[in-house]
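# Architecture and fold: a report
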Amino acid sequence: MIGTGDIDVSLGLDVGKGEHHATAVTPARKKAFDKRLPNTEPELRKLFAKPQVATG
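Computed from a prediction, not measured in an experiment: that's the story for all the values here.

### Quick look at the overall build of the protein
- Helices and strands together make up the secondary structure of the protein, namely one helix and three strands.
- Taken from N to C terminus, the helices and strands of the protein fall in the order β-β-β-α.
- Each of the 56 residues in the protein was classed as buried or not, and the buried ones make up 11%.
- Taken as a whole, the protein presents about 5,100 Å² of accessible surface, with 57% of it coming from carbon and sulfur.

### Remarks on the pattern of salt bridges
- By the definition in use, this model includes four salt bridges.
- The closest approach of N and O atoms between aspartate 34 and lysine 31, which form a salt bridge, is 3.2 Å.
- For aspartate 34, a relative accessible area of 36% corresponds to the partly exposed category.
- For lysine 31, a relative accessible area of 54% corresponds to the exposed category.

### Quick look at unusual backbone geometry
- Non-glycine residue arginine 29 carries a positive phi angle of around 65°.
- With respect to the helices, strands and loops of the structure, arginine 29 is situated in the loop between β2 (20-25) and β3 (31-37).

### Structural notes on the side chain of histidine 20
- With respect to the secondary-structure elements, histidine 20 resides in strand β2.
- Polar side-chain contacts of histidine 20 include one of 3.1 Å to the backbone nitrogen of glycine 16.

### A word on a nonpolar patch on the surface
- A cluster of nonpolar side chains, contributed by Leu11, Leu13 and Val15, occupies part of the molecular surface with about 340 Å² of accessible area.
- Locating leucine 11 in the fold gives a position in strand β1 (residues 10-15).

### Digging into the sheet that holds β1
- The strand order across the open sheet built from three strands is β1-β2-β3, with neighbouring strands paired in antiparallel fashion. In this open sheet, the two strands that pair with only one neighbour each are β1 and β3. On average, each strand axis in the sheet is inclined to that of its neighbour by 10°, with strand direction left out of account.
- Summarising the sheet, β2 and β3 pair through six bridges and their orientation is antiparallel. Looking at the pairing, alanine 24 lines up with phenylalanine 33 of β3.

Basis of the calculations
Residues numbered from 1 in each chain as written. Predicted model: local features only at pLDDT ≥ 70, side-chain atom pairs only at ≥ 80, totals over all residues. Heavy atoms only, no water. Helix = DSSP H or I, 4+ residues; strand = E, 2+ residues; numbered from the N terminus. Buried < 20%, exposed > 50% of the residue type's maximum accessible area, 1.4 Å probe, protein only. Areas by Shrake-Rupley, 256 points an atom, 1.4 Å probe, with all protein chains shown as cover. Salt bridge = Lys/Arg side-chain N within 4 Å of Asp/Glu carboxyl O. Polar contact = N/O pair within 3.5 Å; in protein donor to acceptor, adjacent residues only side chain to side chain. Patch = residues over 30% accessible without salt bridge, like charges linked within 9 Å, V, L, I, M, F, W, Y side chains within 5 Å. Pairing = 2+ DSSP bridges. Axes fitted to C-alpha atoms, helices over the stretch in contact; angles between N-to-C directions.

Laid out in structure tokens, this is it:
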């Protein structure tokens with residue numbers, strides 16, 4: 001069995017033809033991220049290059 005105690009955030013991705021959607025949830029079941037994502041590689045690269053700050 002794999003331990004999950006070191007996991008800080010779980011991420012779910014909905015990959016679609018027109019757009020994508022990502023949701024990140026903490027172990028306390030609080031949403032840390034819940035946004036639509038672009039569907040092109042250049043736009044995704046721009047997004048991933050920006051640091052994301054958790055709010056909370």
